[in-house]
Amino acid sequence: MNQEQNNLNPNNFNTQGNNGIPNNQPLNNQSFNQGIGVNQQPINPQPQPTTSFQQSVNQINIQPQTPSYEQPVPQPMNTFESGNTSNQNFNSKPPKKMNLGLIIGIVAVVAVIGIGALLLFNKPSSQTNNNGTTNNNANVVYNDNSRNIKSTYTFDEATSQFAFKEYETSLIFKQTDNVKFSSISFKPLSNVVSFYYEKDDATYFTFKFEESGSTNINEFVNNFNNGILGGGKSQLSFENIKILESNDEYVFVSCQQKGNSSYNYYFAKQIGNKVFYGHNNRRLELDDNTKSKMLIGFKELFNALSIDDNKEPYISDKILNVPVVLDKQIASYELISEIKLVHPKSSTAHYKNYMKGSVDLSNEESKYIVVDYDAEQLYNKVVWSETLNSKLKYSVEDNYFGIKDNNITQMFSISKSENINGEKSFNEYLNNFFINK
C-alpha cells in the first residue's frame, strides 16, 4: 500500500479527540360448560340449576331411579336433542344421552389441551416481546429485550438515538443538527461516553459525559471544590478553580488538575434526580470567545439528553441488529467493548468519510476483532494481497479482511498475533463473536 495506507490502523480511530474545537395469549376465561353444546336435563329435577357439563359428570354413577308419579313438568329441548328424539320422552333412553354428553365433554377438553400444547412447544424462532417488537434471532443475547427493539437497524439509526447507562443511571440520547454521538466504551464500573458538537467550520468539540454522585448543583459545586466527582470516579485534586457561569440549573467551571498543566472545562446540570457533567480537556487555556462557544455546545448536549423511558433500546442492542456480511449477527451485547462513530474533524485523516464507524468485539479468551461498518470507500483504498473467495479479500500489510456481500461492505481487523491469514482460519475466528442468523 502507499504511505497513506500505512496509517490505516483502527487503533488511530480518534487520535485527535478533544483537540478540535413470548407474548402468549391467555386461555379463554369463560366457564368451560359454555362450549359443550348439549343441554342435558336431570332425571329428577333439583331445586338448584346445574350446567350441562356438570349434569354429564354428576350422572356418570347415577343408578336408575324409580319413575316419579308426580305430574310431569314439560322441559325444553335444544335443537340438537329435538332432531334426534322426535316426540319421545326426554328420559326414555338416559344412558345413551348421558354417554353422548360425556364423550363430547371429553373431546372438548382434549382439543383444548392439544391446542395449548402446540402453542407452548411449537413457538417460532422469531420472538415477540411485551411491546410487540420482533427480535429475529432468539439465540442473540440482548441487554434488555423487553424494550422496543426493531429487527433491523442501519448503523446511522443505531447511533442517532438510543438509551445508554453511565454508572447507575440510564438516559436517552437523541441526535440533533449540532450534537452527535461520538463513542462509548463499556467498562465494569462505569461506561465512558462521549459526544461530538459541531456548530460551524470553526467550532467543534468532543465532550466526555459522566454521572456525578450529586443530587443538585450546589452539592456538585461543594464536592467539586473538594476534588470529588462521584459516579465511581477516583478522587481528584483541582487547583485554579474558576466558576465561569453558575445558576440553579447548571454550573460552568474551568480548572487545572494538580501536577498537570492542561486546562479542564466542566459543565454540570441535573437530569432527573442526578447531576451529570460533560468535560473537555485542552492543552492551553481558551479565550473568552471560545469559552462562550463551548458553553453553548454543553447546553445543546444536555438538551439532547433525557431521562430513560424503559422503551428506547440500548445502543448495544441496536448494534446487534445492524446487518453483518455472510448472514452473521453479533452473538451477545457482552461481546461489544466499544462503539465509535467517524466524524470529519475529530477522526484521523485516513478515516475521514471512508466509513460510518466501527465496533470493537472481545471475549473472555482475550480474542479481539474490529468491524468497520459501511466501509466501501476504505475497502476501495486498500491494496489487497489475496482474493480468498468471491466475497473475501485479505491484506497482509494491514491484516485486514474485506467482504462485500448483499450490498454490504465491511472490514474486519484482527491482531497479527492470531495468525489468521486464510479463509478457513478467518471463518473459524468469526465464530468467537458471531452466530448465523
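Definitions and limits used
Residues numbered from 1 in each chain as written. Predicted model: local features only at pLDDT ≥ 70, side-chain atom pairs only at ≥ 80, totals over all residues. Heavy atoms only, no water. Salt bridge = Lys/Arg side-chain N within 4 Å of Asp/Glu carboxyl O. Helix = DSSP H or I, 4+ residues; strand = E, 2+ residues; numbered from the N terminus. Buried < 20%, exposed > 50% of the residue type's maximum accessible area, 1.4 Å probe, protein only. Pairing = 2+ DSSP bridges. Phe/Tyr/Trp six-rings, centres within 6.5 Å; stacked < 30°, edge-to-face > 60°. Polar contact = N/O pair within 3.5 Å; in protein donor to acceptor, adjacent residues only side chain to side chain. Core = buried A, V, L, I, M, F, W, Y, C linked by side-chain atoms within 4.5 Å. Contact = heavy atoms within 4.5 Å. Axes fitted to C-alpha atoms, helices over the stretch in contact; angles between N-to-C directions. Arc of directions from axis to C-beta.

This brings us to the pattern of salt bridges. Under the defined criterion, the tally for this structure stands at 17 salt bridges. Glu168 serves as the salt-bridge partner of Lys274, at 3.1 Å between the closest nitrogen and oxygen. Of the two residues, Lys274 is situated in strand 11 (residues 274-282) and Glu168 in the loop between strand 3 (161-166) and strand 4 (169-174); the sequence distance between them amounts to 106 residues. A relative accessible area of 16% places Lys274 in the buried class. For Glu245, the salt bridge goes to Lys299, with nearest N and O atoms at 4.0 Å. In this pair, Glu245 sits in strand 8 (residues 238-246) while Lys299 sits in helix 6 (residues 288-303), placing the two residues 54 residues apart along the sequence. When its relative accessible area of 31% is taken as the criterion, Glu245 is described as partly exposed. Among the charged side chains, a salt-bridge network with shared partners connects Asp144, Arg147 and Asp308.

What follows is about the pairing of strand 8. As paired strands, strand 8 and strand 9 (residues 250-257) are joined by 6 bridges and run antiparallel to one another. Across the sheet, Lys242 pairs through a bridge with Ser254, a residue of strand 9. The turn linking strand 8 back onto strand 9 is made up of 3 residues.

Okay, the packing of aromatic side chains next. Within the structure shown, the criterion is met by 31 aromatic pairs. Pairing Phe238 with Tyr266 gives two aromatic rings, centres 5.8 Å apart and planes at 70°, and the pair type is edge-to-face. Separated by 28 residues along the polypeptide, Phe238 in strand 8 and Tyr266 in strand 10 (residues 263-271) bring together distant segments of the chain. The class of Phe238 is buried, set by a relative accessible area of 10%. Its relative accessible area of 5% is what places Tyr266 among the buried residues. Pairing Phe401 with Phe426 gives two aromatic rings, centres 4.4 Å apart and planes at 20°, and the pair type is stacked. Note that Phe401 is positioned in strand 19 (residues 400-405) and Phe426 in helix 9 (residues 423-430), a separation of 25 residues in sequence. With relative accessibility at 0%, the residue Phe401 sits in the buried group. The exposure class of Phe426 is buried, given its relative accessible area of 0%.

This paragraph deals with the side chain of Ser212. On the secondary structure map, Ser212 appears in the loop between strand 7 (203-211) and helix 5 (217-225). A distance of 3.1 Å separates the side chain of Ser212 from the backbone nitrogen of Ser214, its partner in a polar contact. A polar contact of 2.6 Å, which involves the side chain of Ser212, links it to the backbone oxygen of Val275.

Right, let's get into unusual backbone geometry. At Asp327, a residue that is not glycine, the phi angle is positive and equals roughly 60°. Of note, Asp327 is situated in the loop between helix 7 (315-320) and strand 13 (328-330). Although it is not a glycine, Asn419 adopts a positive phi angle of roughly 55°. Within the fold, Asn419 resides in the loop between strand 20 (408-414) and helix 9. Under the relative-accessibility criterion, Asn419 is labelled exposed at 60%.

Counting residues in each nonpolar core, the largest one holds 63 residues, and the members touching the most others are Phe164, Phe195, Ile319 and Phe412. Per element, the largest residue contribution to this core is 5 residues, and it comes from helix 6. Ignoring sequence-local partners within four residues, the contact set of Ile319 consists of Phe155, Ala158, Ile330, Ile336, Ile339, Val359 and Tyr373. Phe220, Leu229, Val251 and Ala268 belong to the second largest nonpolar core, which has 13 residues in total.

Bringing the environment of Ile403 into the picture now. Considering the arrangement of structural elements, one finds Ile403 in strand 19. A residue is classified by how much of its surface remains accessible, and Ile403, at 1% relative accessible area, is buried. When the C-alpha atoms of Ile403 and Val324 are compared, they prove to be 9.9 Å apart, with 79 residues separating the residues in sequence. Residue contacts for Ile403: discarding those within four places in its chain leaves Val325, Leu326, Tyr379, Lys391, Leu392, Ile408, Thr409, Gln410, Phe412 and Phe426.

With that settled, the discussion passes to the sheet that holds strand 4. If you walk across this open sheet you meet the 3 strands as 3-4-12, and the pairing is antiparallel. Of all strands in the sheet, those bounded by a partner on one side alone are strand 3 and strand 12 (305-307). When the angles between neighbouring strand axes are averaged without regard to direction, this sheet yields 35°. Across 6 bridges, strand 3 lies against strand 4 in antiparallel orientation. Residue pairing across strands places Phe162 opposite Phe173, the latter belonging to strand 4.

A word on helix 9. Every buried residue belonging to helix 9 is among Phe426, Tyr429 and Leu430, and all of these are buried. Across the axial projection of helix 9, the buried residues extend over an arc of 105°, all falling on one side.

Attention now goes to the environment of Ser358. Position of Ser358 among the secondary structure elements: in strand 15 (residues 357-362). With relative accessibility at 1%, the residue Ser358 sits in the buried group. Between the C-alpha atom of Ser358 and that of Val371, which follows or precedes it by 13 residues, the distance is 5.4 Å.

That is the geometry; function is a separate question.
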